[in-house]
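What follows is the residue order along each chain.
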Amino acid sequence: MSRTHTNQLPAGNIRPGLMGWVCVPLRLILGGLFAYAAYNKLVPESAGPATSSGPQGFAWTIEAFKLGLPDWAVRGATFTTPWIELVAGVLLIVGVWTRGSALVIAGMLGVFIALLLSVLARDLNVDCGCFGDMSPFCPDKVGWCHIVQDVAMLAAAVMIVATRRHALALCRRC
Amino acid sequence: MSVSRVILPAVLVIAIGGGIGLADLAIRNEKVKLGRTVPPPPPPPLGREPEPPVVEPVAPASNDGKPVEKPAMPDGEPTVQPKADPAVTPPTPKAVASLPPGHITIEQGKALFDQNSIFVDARKSEVYAEGHVAGAFRADMASFKSGDPRWVANFPKDLTLVVYCSGGDCDESEHVAQLLEASGFKTIYVMHDGFPGWKAAGHPIETGEGQE
């Protein structure tokens, strides 16, 4: 083997391109928002017997959407949805399984948008519950602001999925 | 799209998050309450007995014959006393049957109002200030975040409560009713048509910050 081969890039080039750097702030914002949303849905603010935040508040939000789900499905969604959000959000930030995590987030956002549209179509007067009992960008009640918010996040997630090599990622190959 | 670099990690993310979520569900399932225990049917409107159908109205009275009074605030400030109007038309069976369990009509709510039941406004404080049922206490979802509101903690739990919000599809009253039930109250009704229905019926209202 000649020495010239050692100066060449490996067969699978893992250096991030421009889009890999452009996606860094998108990953931090999107991953941070999902982790924040998950935290609000998982951790109740009050340790008292009655609380409107945490899993109880999120379960009521799911019920308020009037989807006709049985109790076991409401309870399952109450606990699995925020944990998937948290795992995907953290992995997106640190850059492990980056594109896979972004794909999961994109899929969840697609479901959220469909649910919000169904709420608007049925003219229900309910809280979004997108970030638990917080609503940093839009009014509490479901409206077109929430659709715009989720579509913007969906666009960012799709961009991350479409980018092959990401900068500042713990695992650039995965 | 690469299966090994995108699809498979996505499946693993869902599997890991879903697995932790199901474990969390097994641990904290009991802490999440769905729906609400339905209280017994509301009493007939004051002054009206089911049999015979027409009875002269009587003044509000407790079991020992003394007039019923709403509990005072912890600091001794009396609450607003509604004007009794016993001439209430009983709800029609059709109207009652169309309501969800635990929900009552405006007229049933008025009957409970005349019996000095406690009314609870589940709407946000700024909406409450614009107008609410006379004497209603304020207890929106946010007021439970740092523990129970003061009146909830201090009032006897055998009182009859009537919770309302904006009527129609609003869910605040149902959720606040669940919180009040978790706080120990046993008899809680949701006034289905909420404040708009109450106001439209011409029943007593008042404005201002009121009591929380």
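Summary of the structure given here. (Residues numbered from 1 in each chain as written. Chains lettered and ligands numbered in written order. Predicted model: local features only at pLDDT ≥ 70, side-chain atom pairs only at ≥ 80, totals over all residues. Heavy atoms only, no water.)

1. A short note on the sheet that holds strand β2 (residues 118-121) of chain B
Residue and element names in this part refer to chain B. How we decide: Between any two strands, at least two bridges found by DSSP are needed for them to pair. Under the scheme used here, helices are H or I runs from DSSP no shorter than 4 residues and strands are E runs no shorter than 2 residues, and both carry numbers assigned from the N terminus.
Reading across the sheet, the five strands line up as β1-β6-β5-β2-β4 and stay open at both edges, with parallel pairing between neighbours. Edge strands, defined here as strands with exactly one partner in the open sheet, are β1 (103-104) and β4 (137-138). As defined by bridge partners, β2 adjoins strand β5 (residues 160-164) across four bridges and the pair is classed as parallel. Looking at β5, one finds that Val-120 is bridged to Val-163.

2. Remarks on the state of the cysteines
How we decide: Working definition: a disulfide is two cysteine sulfur atoms within 2.5 Å of each other. Exposure classes here rest on a 1.4 Å probe applied to the protein chains alone. A residue is buried below 20% of its type maximum, exposed above 50%, and partly exposed in between.
Applying the stated rule across the entire model yields three disulfides over all chains. Two residues share a disulfide in this structure: Cys-128 of chain A and Cys-130 of chain A, whose sulfurs sit 1.5 Å from each other. With the S-S bond torsion at 45 degrees, the cross-link from Cys-128 of chain A to Cys-130 of chain A turns out right-handed. Relative accessible area serves as the criterion here: at 19%, Cys-130 of chain A is assigned to the buried category. Residue Cys-165 of chain B pairs covalently with Cys-170 of chain B via a disulfide, S to S 1.8 Å. Residues Cys-165 of chain B and Cys-170 of chain B share a disulfide whose torsion about the S-S bond is about 80 degrees; that sign makes it right-handed. Here Cys-170 of chain B falls in the buried class, since its relative accessible area comes to 9%.

3. So, unusual backbone geometry
Its identity is not glycine, yet Lys-66 of chain A carries a phi of approximately 50 degrees, on the positive side. In this structure, Lys-66 of chain A sits in the loop between α2 (54-64) and α3 (71-94). Residue classification places Lys-66 of chain A among the partly exposed residues on the basis of a relative accessible area of 40%. Although it is not a glycine, Asn-116 of chain B adopts a positive phi angle of roughly 65 degrees.

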